[in-house]
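Tertiary structure, described
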Amino acid sequence: LATWQPGQTRNVADDMMKLTLYIVAKTLFDADVSGQSDRVAEALEVLLHSVIEQSQIIIRLPDWIPTPARARKKWSIEALHRFTMDIIRERRASGEDKGDLLSMFLLARDEDGGSMSDVQVRDEALTIFLAGHETTANALTWTLYLLSQHPDVEARLHEEVDRVLAGRQPGLADVPQLAYTEQVLKESMRLYPPAWSFARQPLENVELGGYTIPARSTVIISSYVIHHDARFFPDPDRFDPERFAPHNEEQIHKYAYLPFGGGPRICIGNNFAMMEAKLILASIAQRYRLRLAPGHRVEPEPLVTMRPKYGMKMILEARPALSSATAPAFDSQASPVV
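These numbers were taken from a predicted model, which means no experiment stands behind them. (Residues numbered from 1 in each chain as written. Predicted model: local features only at pLDDT ≥ 70, side-chain atom pairs only at ≥ 80, totals over all residues. Heavy atoms only, no water.)

Things to note about the sheet that holds strand S9 (residues 313-318)
What the three strands build is an open sheet, ordered S1-S9-S6; its pairing is antiparallel. Looking at strand neighbours, the two that pair on one side only are strand S1 (9-11) and strand S6 (288-292), the edges of this open sheet. Looking at each pair of strands side by side, their axes are set apart by 40 degrees on average, direction ignored. Sheet topology note: the S1/S9 ladder contains three bridges and is antiparallel. From the neighbouring strand, Thr9 faces S9, where its bridge partner is Ile315. (Pairing = 2+ DSSP bridges. Helix = DSSP H or I, 4+ residues; strand = E, 2+ residues; numbered from the N terminus. Axes fitted to C-alpha atoms, helices over the stretch in contact; angles between N-to-C directions.)

Next up, the structure:
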């Protein structure tokens, strides 16, 4: 927010990607990656496109045949591996236990006293690192777009943020009070679920809708399709955060809303992601209104995640600053701030 200026036109999709990349790196690995965010973002985009391209190939060439697509994929994987290994080697060299996820990986021991290799740590860390920023960034981008198209919802969000925060920077203690902020995010993820599809495998043969699904076959579940089913969400294309007001949300079938998946394989980072998104959205709404840039084309691109295909160019409009003189006392040591 310190780099934003009123009147600017910014690609908030890029801004949110860099922000969540910084947050997940600092939170999980105590690493500042702000100087490498462009390289990581480029490598990730290449990899996401590569995964989708591979899934659409009917006749596969042998792995040893070089193609431009395989060269791009190899470059992206190597770039991400180098990025993660640099963080791991720096931590191993320091020998410091910072109490974060990376230290837990490095200090973990199996029943025989063995530790994880650098490659094992890299693979675990990279999975959580990439999943921990891409989806949250997309959720925030779509939310900012939807707010710009629905001024009544935006006004109610601003009212809550102003009332709860009274000009203060939001912190962990404010999260439970930002109820409507959470409703806005949930409804945004219903319309544009960042993880728009995911896979499951039945452990045994299953009869479903008159069809037999063999054990160990792959079943693709589309949260996007389910979220737009009028049986569960009347007028499904309408943006209505009231669907997730407490008295309404409890009526929603547990498997009709799946932004983080469902069952025992539900996303391990769902609570972290919601806390992070609420704090970021409140911070932005406190300072700015965002308006879609004239002529900017908005189109979902369903890669591994649901991205805006052409980014999201928006114009920043400053909101009047509130005084924090009447705000309750806030202990920044006890309650981390964004």
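Here's the deal with the nonpolar core
Counting 47 residues, the largest nonpolar core has Trp4, Met16, Leu144, Leu281 and Leu290 as its most contacted members. Elements supplying a minimum of two residues to this core: helix H1 (12-29), helix H5 (118-149), helix H6 (151-165), helix H7 (179-191), helix H10 (270-287), S6 and S9. Grouped together as the second largest cluster of nonpolar side chains are 27 residues, Leu21, Ile87, Ile88 and Val121 included. (Core = buried A, V, L, I, M, F, W, Y, C linked by side-chain atoms within 4.5 Å. Buried < 20%, exposed > 50% of the residue type's maximum accessible area, 1.4 Å probe, protein only.)

Quick notes on H7
The end-to-end C-alpha distance of H7, which contains 13 residues, comes to 19 Å, matching closely the 18 Å that a straight helix rising 1.5 Å per residue would cover. With 11 of 13 residues buried, H7 is to be regarded as a mostly interior element. Those residues of H7 that fall on the buried side of the exposure criterion are Tyr180, Thr181, Gln183, Val184, Leu185, Lys186, Glu187, Ser188, Met189, Arg190 and Leu191. Among the structural elements, H5, H6, helix H8 (223-227), helix H9 (246-249) and H10 are those in contact with the buried residues of H7. (Expected span 1.5 Å × (residues − 1). Contact = heavy atoms within 4.5 Å.)

Overview of the packing of H1 against H5
Where H1 contacts H5, the two axes come as close as 8 Å, and the packing angle between them is 145 degrees. H1 and H5 meet at a crossing whose hand is right-handed. Where H1 approaches H5, its residues Val12, Ala13, Met16, Met17, Thr20, Leu21, Val24, Ala25, Leu28 and Phe29 are matched on the opposing element by Ala125, Ile128, Phe129, Gly132, His133, Glu134, Thr136, Ala137, Asn138, Leu140, Thr141 and Leu144. Residue classes in the contact of H1 with H5 are distributed as 15 nonpolar, six polar and one charged. (Left-handed = near helix turned anticlockwise from the far one by under 90°. Nonpolar A, V, L, I, M, F, W, Y, C, P; charged D, E, K, R; others polar.)

Topic: the packing of aromatic side chains
Evaluated as defined, the whole model comprises four aromatic pairs. Ring centres 5.6 Å apart and planes at 65 degrees place the aromatic pair Trp4 and Tyr288 in the edge-to-face group. Of this pair, Trp4 sits in the segment before S1 while Tyr288 sits in strand S6; the two residues are 284 residues apart in sequence, bridging distant segments of the chain. On the accessibility criterion, Tyr288 (5% relative accessible area) is buried. Aromatic rings pair up to connect Trp142, Tyr145 and Tyr192 into one cluster. For the cation-ring pair, Arg190 lies above Phe233, with the distance from its terminal atom to the ring centre recorded as 5.1 Å. (Phe/Tyr/Trp six-rings, centres within 6.5 Å; stacked < 30°, edge-to-face > 60°. Lys NZ or Arg CZ within 6 Å of the ring centre and 35° of its normal.)

Concerning the pairing of S9
When S6 meets S9, the two strands line up antiparallel, connected through five bridges. Among the inter-strand pairings, Leu292 is bridged to a residue of S9, identified as Met314.

Observations concerning the side chain of Arg190
Relative to the helices and strands, Arg190 is located in helix H7. Reaching out from Arg190, the side chain makes a polar contact with the side chain of Glu187 at a distance of 2.8 Å. In this structure Arg190 touches His227, His228, Phe233, Pro236, Arg238, Arg243, Phe244 and Tyr257, once residues within four positions along its chain are discounted. (Polar contact = N/O pair within 3.5 Å; in protein donor to acceptor, adjacent residues only side chain to side chain.)

So, the confidence of the model for the protein
Residues with a pLDDT of 70 or more make up 94% of the protein, whose mean pLDDT is 89. Within the model, the stretch residues 324-338 combines pLDDT values under 50 with 26 contacts to residues more than four positions away or in other chains. (pLDDT = per-residue confidence, 0-100.)

Overview of the pattern of salt bridges
Tallied over the entire structure, the rule returns 22 salt bridges. Linking Arg92 and Asp118 is a salt bridge whose minimum nitrogen-to-oxygen distance equals 2.4 Å. Of this pair, Arg92 sits in helix H3 (residues 68-94) while Asp118 sits in helix H5, and the two are 26 residues apart along the sequence. Using a relative accessible area of 34% as the deciding quantity, one classes Arg92 as partly exposed. Residues joined by salt bridges that share partners form a network here, namely Glu182, Lys186, Glu249 and Lys278. (Salt bridge = Lys/Arg side-chain N within 4 Å of Asp/Glu carboxyl O.)

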